[in-house]
Amino acid sequence: MDTGRLRQERIAQVRACLATVVDPELDEPVTELDFITDITLTAPGQVRIGFRLPTYWCAANFAFLMADDMRLAVSSLAWVEGVRVLLQDHMYADTINAGVARGEGFEAAFGEAAEGGLQALRRTFERKAFQRRQAALLAWLLEAGHTAQALVAMRREALAGLPLAEAGERLRARYLQRRDVAGGGALAFVDTEGGAIAAAALARHLTDTQRVDINAEFNGALCRGLLAARYPPGAGAAVPIRIVRQPAH
Amino acid sequence: MYTTASGEEIFVIDGHVHKWDGSKANQRNIHGEQFINCFYGYHTFLSPAEKLLTREQFDTYSAEQMHRDLFVHGYDDMAICQPTYLTDFYVQGFNTTEQNAVLKTQYPGRFIVNGAFDPRDEAAGLDQLDELAAKHQLQGVKLYTAEWKGASRGYKLTDPWAEKYLERCEALGIRNIHVHKGPTILPLDRDAFDVADIDAAATNFQGLNFIVEHCGLPRLDDFCWIATQETNVYGGLAVVLPFIRKKPQYFGHVISQLLMWLGPDKLLYGSDYGIWTPDWLIEDFMAYELPEALAKETGAVLDLEAKKKILGLNAARLYGVDIEAQKLRLPNAHQARPVESALAPADGAAVAA
């Protein structure tokens, strides 16, 4: 394989890894949010990833989470030996970039300003993602004619094997990625504590979940709008992925 | 004043305006530059294309311009100035009580000027609050819990010094505590805009009203929960309302949730001027109808009565404004903005009719 093609392929692999990293509050991939500015192979086995956020003030803990998740995701590739994640145009860019590069936790990077670890925060947002994804899938399945009784009793394998149209398939895949947030258990649909849902309570369960969804959608719209205002499309800096060509290696 | 198609006059109190100086000359550092940049991002994202300002127009503006935008081209009858000091970012402060007080002198009756305090000023700040309250007859304060101060990146209303300041507010008759709880910034864990501290403060200070500006967005669910528990918690619609033009479906979801959880007596209109202007905001809001499915699902009602409360009656109650007396005192300043195309027709055919 020639080196040009190999490089393209590896960049595509990095991009696929980054597509698994989500903004914790929005539960959307950083690639789709247009946060990634460039992917560069700087030396054999060495990857550099540039990213940016909608404002200079975006929460440092979220930025740190994303940067660290990017590093971990890309490090999982067998050929990768080192990953540099570089946040740009952010008030804590230097602190975050240095902390992630050293593989430090958030507390070590920020010292006293970080009152607690990121684990609790991560857990909160995983739970919200679980709720949103479940609500979206349940609403779709109800619309497609599945009954509340059947859904609350459905087992995981049955859900996984259900023949679904494309839109439903995508919602199912997203939900199943987060199903374990609510613990093991055989039921496909449970509350955040892993408990079964009564058929009669399903409508109420969906309404309660909706506020989480509104939050995230409102946020998503705001983030996209602010990012577009900050880096206007067509102004050069907003090209979705700029693959910086490096000498072959 | 907004006049409905049937001729009914609606008195409008804008609960959230600023007279700021974000100009280069006033910026102390990169944070000052980025702060106004961020505001400009909000402005360009949510404003209608025909209302977009240039950076120069946006960075700072005169009292005359502000009066024109709010009361002449806009529908406001009165406006409440909410200061945002940010003295770590701006040489003269971004938007101080003193700067806002100029408006009050220049346009009598139009403006209510709120003060501010920072509990990290400790004892010395309490004396300053006494002076500020006496000088400007303060009825309210605006708090920016995520304001940077030296090494500190924010405070909570439950901090011991914050409680001393709230006690002082009660003693001074400052009843309206506006707290900026908006999009996420700092500090590092969760953030200083987290709405949870409002819960404790509202319970401990029953004599005060807590107006949560921007309704805690993006944490609408947390805010609704707290506001429902506490009778003295209100929602300020600044930042929420501008979504009405470009993201009406999101606006519908948010306003229906707010109406369901807090009700129409607890919501206050605010333009957040100079980020947005009251002309299009009020026109869109008056024309807005909740989609039937949302109204049915949430039980929310956004009829003319609810709109009147949100646009003026609720703020009048909190600030003791006698609307009928004000109507006599303040002539309705509203005039339709001249239509540019009529003044400078692009081609004769367009205006020939």
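Residues numbered from 1 in each chain as written. Chains lettered and ligands numbered in written order. Predicted model: local features only at pLDDT ≥ 70, side-chain atom pairs only at ≥ 80, totals over all residues. Heavy atoms only, no water.

- The name given to chain B in an unreviewed UniProt entry is Amidohydrolase family protein, and the organism recorded there is Xylophilus rhododendri.

- An unreviewed UniProt entry lists chain A under the name DUF59 domain-containing protein, with Xylophilus rhododendri given as the organism.

### Concerning the overall build of chain A
And step 1. When its secondary structure is counted, chain A shows nine helices and six strands.
And step 2. Across the 249 residues of chain A, 49% fall into the buried class.
And step 3. In chain A, of all internal contacts separated by at least 6 residues, the share reaching a separation of at least 24 is 69%. (Helix = DSSP H or I, 4+ residues; strand = E, 2+ residues; numbered from the N terminus. Buried < 20%, exposed > 50% of the residue type's maximum accessible area, 1.4 Å probe, protein only. Contact = heavy atoms within 4.5 Å.)

### Description of the UniProt feature "domain: MIP18 family-like" (unreviewed entry) in chain A
And step 1. When the UniProt feature table is mapped to this numbering, "domain: MIP18 family-like" (unreviewed entry) covers residues 12–85 of chain A.
And step 2. Secondary structure across residues 12–85 of chain A divides into 31% helix and 30% strand, with the first and last C-alpha atoms of the span separated by 17 Å. (UniProt positions renumbered as here; feature names shortened; annotations may be inferred.)

### A short note on the domain arrangement of chain A
Much of the literature gives interface size as the accessible area that the parts lose upon coming together.
Residue and element names in this part refer to chain A.
And step 1. Domain assignment breaks chain A into domain 1 (3–115) and domain 2 (119–217).
And step 2. Listed per partner, the contact involves nine residues of domain 1 and nine residues of domain 2.
And step 3. At the junction of domain 1 and domain 2, the tally comes to three salt bridges.
And step 4. Between Asp 27 and Arg 133 there is a salt bridge, and its shortest N-O distance comes to 2.7 Å.
And step 5. Across the contact surface, domain 1 and domain 2 share four residue pairs in polar contact (both at pLDDT 80 or more).
And step 6. Here the side of domain 1 that touches domain 2 takes four residues from helix α2 (residues 60–75), the largest share from any one element.
And step 7. Of the residues contributing to the side of domain 1 that touches domain 2, the split by class is five nonpolar, one polar and three charged. (Domains from an automatic or database assignment. Salt bridge = Lys/Arg side-chain N within 4 Å of Asp/Glu carboxyl O. Polar contact = N/O pair within 3.5 Å; in protein donor to acceptor, adjacent residues only side chain to side chain. Nonpolar A, V, L, I, M, F, W, Y, C, P; charged D, E, K, R; others polar.)

### A look at the confidence of the model for chain B
Residue and element names in this part refer to chain B.
And step 1. In this model, chain B carries a mean pLDDT of 89, and residues with pLDDT of at least 70 account for 91%.
And step 2. pLDDT under 50 marks residues 184–191. Its contacts with residues more than four places away, or in other chains, come to 41 contacts.
And step 3. Overall fold confidence (pTM) sits at 0.83, and the ipTM for the predicted complex is 0.73. (pLDDT = per-residue confidence, 0-100.)

### A look at the packing of helix α4 (residues 97–106) of chain B against helix α5 (residues 122–136) of chain B
Residue and element names in this part refer to chain B.
And step 1. Remark: α4 packs on α5, axes separated minimally by 12 Å, with the N-to-C direction vectors making an angle of 10°. One way to sum up the angle between α4 and α5 is to call them roughly parallel. Where α4 approaches α5, its residues Thr 97, Glu 98, Ala 101 and Lys 104 are matched on the opposing element by Leu 132, Lys 135 and His 136. (Axes fitted to C-alpha atoms, helices over the stretch in contact; angles between N-to-C directions. Parallel < 35°, antiparallel > 145°, perpendicular 65-115°, else oblique.)

### Some thoughts on empty space enclosed by the protein
Where empty space is left can be seen by rolling a probe of water-molecule size over the atoms.
All names here are of chain A.
And step 1. Taken as a whole and assessed by the stated rule, the structure comprises four cavities of 30 Å³ or more.
And step 2. Its boundaries defined by the atoms lining it, the second largest cavity holds a volume of some 120 Å³.
And step 3. Glu 25, Phe 125, Lys 128, Val 212 and Ala 216 are the residues nearest the centre of the second largest cavity, which is lined by 14 residues in total.
And step 4. Of all the elements in the fold, those that place two or more residues in the lining of the second largest cavity are α5 (119–143) and α9 (202–230).
And step 5. Among the residues making up the lining of the second largest cavity, the classes are represented as seven nonpolar, two polar and five charged.
And step 6. A domain split of the lining of the second largest cavity shows at least three residues from each of domain 1 (3–115) and domain 2 (119–217). (1 Å grid on protein atoms, 1.4 Å probe; cavity = no way out; pocket = protein on both sides within 12 Å on 5 of 7 lines; lining within 4 Å. Points joined across faces, edges and corners; volume = space filled by probe spheres on them.)

### Topic: the packing of α2 of chain A against α5 of chain A
Residues and elements named next belong to chain A.
And step 1. Where α2 meets α5, the closest approach of the two axes is 11 Å, and the angle between their N-to-C directions is 85°. Put simply, α2 runs roughly perpendicular to α5. Counting all contacts with α2, which are made through Asn 61, Phe 62, Leu 65 and Asp 69, the residues of α5 involved are Leu 121, Arg 122 and Phe 125.

### Concerning the nonpolar core
And step 1. Counting 149 residues, the largest nonpolar core has Met 70, Val 74 and Ile 96 of chain A together with Phe 210 and Leu 258 of chain B as the members making the most contacts within it.
And step 2. Ranked by residue count, the leading element in this core is α2 of chain A, at ten residues.
And step 3. If you count residues domain by domain, this core takes at least three from each of domain 1 (3–115) and domain 2 (119–217) of chain A.
And step 4. Apart from the residues lying within four places of it in its own chain, the contact partners of Met 70 of chain A are Leu 18, Val 21, Val 30, Ile 36, Ile 49, Phe 51 and Val 85 of chain A.
And step 5. Ranked by size, the runner-up nonpolar core spans 21 residues in total, among them Leu 151, Met 154, Leu 164 and Tyr 175 of chain A. (Core = buried A, V, L, I, M, F, W, Y, C linked by side-chain atoms within 4.5 Å.)

### Side note on the pattern of salt bridges
Residues and elements named next belong to chain B.
And step 1. The final tally for this structure, using the stated rule, is 21 salt bridges over all chains.
And step 2. Here Asp 59 makes a salt bridge to Arg 55, at a shortest N to O gap of 3.0 Å. Placement of both Asp 59 and Arg 55 in helix α2 (residues 55–59) is noted, with a separation of four residues, approximately one turn of the helix.
And step 3. Note on Arg 55: relative accessible area 23%, which makes it partly exposed.

### Comments concerning the sheet that holds strand β9 (residues 233–236) of chain B
And step 1. As summarised here, the arrangement of the five strands in space is β6-β7-β8-β9-β10 (chain B), forming an open sheet in which the pairing is parallel. Of all strands in the sheet, those with a lone pairing partner are β6 (140–143) and β10 (267–268) of chain B, marking the two edges. (Pairing = 2+ DSSP bridges.)

### Here we look at helix α1 (residues 3–18) of chain A
Residue and element names in this part refer to chain A.
And step 1. Spanning 16 residues, α1 covers 22 Å between terminal C-alpha atoms, matching the ideal 22 Å at 1.5 Å per step.
And step 2. All of the buried residues in α1 are Arg 7, Ile 11, Val 14, Cys 17 and Leu 18. Down the axis of α1, the buried side of the element spans an arc of 115°, and every buried residue falls inside it. (Expected span 1.5 Å × (residues − 1). Arc of directions from axis to C-beta.)

### As for the side chain of Thr 4 of chain B
And step 1. Tracing the chain through its elements places Thr 4 of chain B in the loop between β1 (2–3) and β2 (9–10).
And step 2. With residues near it in sequence (within four places) discarded, Thr 4 of chain B still touches Ile 10, Met 286 and Leu 304 of chain B.

### Here we look at the pairing of strand β4 (residues 78–81) of chain B
All names here are of chain B.
And step 1. Every second residue of β4 is oriented toward a common face, with Met 78 and Ile 80 on one face and Ala 79 and Cys 81 on the other, all of them buried.
And step 2. Where strand β3 (residues 13–17) lies against β4, three bridges are found, and the strand directions are parallel. Along β4, the bridge assignment pairs Val 17 with Cys 81.
And step 3. Pairing of β4 with strand β5 (residues 111–113) involves three bridges; the strand directions are parallel. Across the sheet, Ile 80 pairs through a bridge with Ile 112, a residue of β5.
And step 4. In the classification by handedness, the crossover that spans β4, the intervening α4 and the parallel β5 is right-handed. (Right-handed = clockwise from strand over helix to strand, strands pointing away.)

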